Amino acid sequence: MVIGERKPFDEIIMMLGGHKKVLVLGCGGCVTVCLTGGRDEARVLSSQIKMARDKDGNPIEIIEETVERQCDPEYIEQAAPIVPEVDAVLSMACGVGVQYMAERYKDTPVYPALNTTFVGGSTKEGFYVEKCQTCGACKLYYTGGICPIARCSKSLLNGPCGGSTKGKCEIDPEVDCAWQLIVDRLESLNLMDRYEDLMEINDWRPNRDGGPRKMVREDFQR
Amino acid sequence: MSAECKTESRLEKVLRAGHFAVTGECGPPRGSDAEAVRKKCLLLKDKADAFNITDNQTSVVRMSSIASAVIMMQEGMEPVMQMVCRDRNRIAIQSDILGGAALGIKTMLCLSGDHQKFGDHPQAKNVFDIDSMQLIQTVRRMRDEGKFLGGDDIKGVPKLFVGAAANPFADPFEIRVPRLAKKVAAGVEFVQTQCIFNMEKFGEWMKRVVDRGLHEKVFILGGVTPFKSFGMARYMAKNVPGMDVPDELLARMKATPKENQAEEGIKIAVETIQQLRELKGISGVHIMAIEWEEKVGEIAEKAGLLPRPSV
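Points about the overall build of chain B
Next, step 1: On a plain count of helices and strands, chain B comes out with 11 helices and eight strands.
Next, step 2: Whereas a compact globule of 311 residues would reach a radius of gyration of roughly 19 Å, chain B reaches 19 Å, a difference of no more than 12%.
Next, step 3: Taken along the three principal axes of its C-alpha coordinates, chain B extends 60 × 45 × 40 Å.
Next, step 4: Counting all 311 residues of chain B, 52% fall into the buried class.

Okay, here's the thing in structure tokens:
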């Protein structure tokens, strides 16, 4: 899923400066699962904003709403009756949702309440880690199901650098060395011969470097 | 190994002639003062066959490796241009290879590069378009096939002797020899190892290297760094990733009175070189006297490696 982290409160207050009535719009997708942008978080953030603005002698009116997903035109249409009534929308979705809202509601500023951080999963409640960098050309066959692009700090394709120490990455003793994990896994699967194959120079076009990407199911385009 | 040189590199000539090679290292200054490079060069001249010019080592911004290498050549010395993959994509890498060769650089060292987290610009975006193995492949392809990575012909092929680093002390140990084998398969012609303090572990690594016959396919230069003090030894043991300083060495430095520690550090370096010369498969040493360039000559002299052969 897409992981998002709430922006610093001061930054949110800065963005809303000058607005008197805003819609705080939660998203029922990934950011609900990772506990940063769903209905509950929208409620908490709204109260915090109201309290801060009251304290400042500059009260703000907030409408709270949460839709199923903000990355889908069908669901963001549900905000159509509310948006014209507000000065601005504070979207609690990932960057995709914020942009869907901005494109749909052309006359109203839409601001992000979250920093979209990575594509990952949870290891325990409230603890999320990055696993995929959406490079567009999956290499997990070669690397025992562990991604060196997302999980090696240098995205090295041909093995660990000289900074791998006791299973940890040189940048932080809390970070696992992806190549240690890959080697351990290849060894346990008896696939170490794959390690000695030179991984070719990568074609980064399927990554963001080829420009903004799209995926089209032709059979649905009729 | 073949005695026939593929480049005009002095280091290649020394190695292929069967001499025990010596390389040194010169870190460029944090400014545009050419005299700072010249001063270091004067300390190093004739003390080794060639000298690595580091490429923004530890991700701290310095004068470029290419420019510093040119200044070194003006002093009549042979630079080894280091190049890291951290700061350049394949377009800039190939362009800098052409530029370096055009300016007279004949030897280069292919590295991944330290992560920018360690430097003075931790906010920077890193590149890592290709990795160090692929950089080796890139230079060899440019030199031997006369082709850019994109497939077009190069007019005026860069003739560079191609090196890389090897760290026998990083983890996982089991893949450290296979990793060298990959670099050999990629086309590396010489490697300089990480600083050797744990001779037992290095010996084990070399044994596996020799068992696989890799020493017959790549020249291996053992890395030697003298301790300036007990404090430095302790720092390297505790704070430098991928560095293996055994407790006995730390104890030996600690037991030495402060005023004699530098001398003891040099003694250890000379002993290390002597042990390396006895090891099968070692073709030379790489002396990295970090911000202590004036000691390279003393170490080489005491190890019986001076004068350097003329080739």
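Concerning unusual backbone geometry
Residues and elements named next belong to chain B.
Next, step 1: Here the amide bond leading from Asp171 into Pro172 is cis, since omega sits at -15°, within 30 degrees of zero.
Next, step 2: The topology assignment puts Pro172 in the loop between strand 5 (161-166) and helix 6 (176-186).
Next, step 3: Pro307 follows Leu306 through a cis peptide bond whose omega is -5°.
Next, step 4: With respect to the helices and strands, Pro307 occurs in the segment after helix 11 (296-302).
Next, step 5: Although it is not a glycine, Ser59 sits at a positive phi angle of roughly 60°.
Next, step 6: Along the chain, the position of Ser59 falls in the loop between strand 2 (50-53) and helix 3 (65-74).

A look at the interface of chain B and chain A
Next, step 1: Taken together, the contact pairs 26 residues of chain B with 24 residues of chain A.
Next, step 2: At the level of secondary structure, the elements contributing two or more residues to the side of chain B that touches chain A comprise helix 5 (132-145) and helix 6 of chain B.
Next, step 3: In terms of residue count, the dominant contributor to the side of chain B that touches chain A is helix 6 of chain B (six residues).
Next, step 4: Broken down by class, the residue content of the side of chain B that touches chain A amounts to 13 nonpolar, seven polar and six charged.

Some thoughts on the environment of Arg90 of chain B
All names here are of chain B.
Next, step 1: Among the structural elements, Arg90 can be located in helix 4 (residues 90-102).
Next, step 2: Taking C-alpha positions, Arg90 is 8.7 Å from Thr138, a pair spaced 48 residues apart along the chain.
Next, step 3: Dropping the residues within four chain positions of it, Arg90 is found in contact with Asp129, Ile130, Thr138 and Leu149.

Some remarks on the confidence of the model for chain B
Next, step 1: Taken over all residues, the pLDDT of chain B has a mean of 97, while the share at 70 or more is 100%.
Next, step 2: Two summary scores accompany this predicted model of the complex, namely pTM at 0.94 and ipTM at 0.91.

Focus: the sheet that holds strand 7 (residues 127-132) of chain A
Residues and elements named next belong to chain A.
Next, step 1: Strand order in the open sheet formed by three strands is 1-6-7, and the pairing between neighbours is antiparallel. Of all the strands in the sheet, the pair left with one neighbour each is strand 1 (2-6) and strand 7. Adjacent strand axes in the sheet meet at a mean angle of 70° when their direction is disregarded.
Next, step 2: Both strand 1 and strand 6 (residues 114-124) contribute to a ladder of five bridges, which runs antiparallel. Residue pairing for strand 6: Gly4 is matched across the bridge by Thr116.

As for the packing of helix 5 of chain B against helix 6 of chain B
Residues and elements named next belong to chain B.
Next, step 1: The contact between helix 5 and helix 6 brings their axes to 8 Å, and the two run at 20°. By the angle between their axes, helix 5 is roughly parallel relative to helix 6. Two packed elements cross with a definite hand, and for helix 5 against helix 6 that hand is right-handed. Of helix 6, the residues touching helix 5 (which contributes Met133, Ile136 and Gln137) are Lys182, Lys183 and Ala186.
Next, step 2: Residues that form the contact of helix 5 with helix 6 fall into these classes: three nonpolar, one polar and two charged.

Re the nonpolar core
Next, step 1: Ranked by internal contacts, the top residues of the largest apolar core, which has 88 residues, are Met108, Cys110, Val191 and Ile287 of chain B.
Next, step 2: The residues contacting Ile287 of chain B, other than those within four sequence positions of it, are Val22, Gly24, Ala48, Val224, Val296, Ile299 and Ala300 of chain B.
Next, step 3: Counting 33 residues, the second largest nonpolar core, distinct from the first, contains Ile49, Val98, Ala113 and Leu114 of chain A.

Reading guide: rules and limits
Residues numbered from 1 in each chain as written. Chains lettered and ligands numbered in written order. Predicted model: local features only at pLDDT ≥ 70, side-chain atom pairs only at ≥ 80, totals over all residues. Helix = DSSP H or I, 4+ residues; strand = E, 2+ residues; numbered from the N terminus. Rg over C-alpha atoms; globule rule 2.2 N^0.38 Å. Buried ≥ 20, exposed ≤ 12 C-beta atoms within 10 Å, placed from the backbone. Contact = placed C-beta atoms within 7 Å. Nonpolar A, V, L, I, M, F, W, Y, C, P; charged D, E, K, R; others polar. pLDDT = per-residue confidence, 0-100. Pairing = 2+ DSSP bridges. Axes fitted to C-alpha atoms, helices over the stretch in contact; angles between N-to-C directions. Parallel < 35°, antiparallel > 145°, perpendicular 65-115°, else oblique. Left-handed = near helix turned anticlockwise from the far one by under 90°. Core = buried A, V, L, I, M, F, W, Y, C linked by C-beta atoms within 7 Å.

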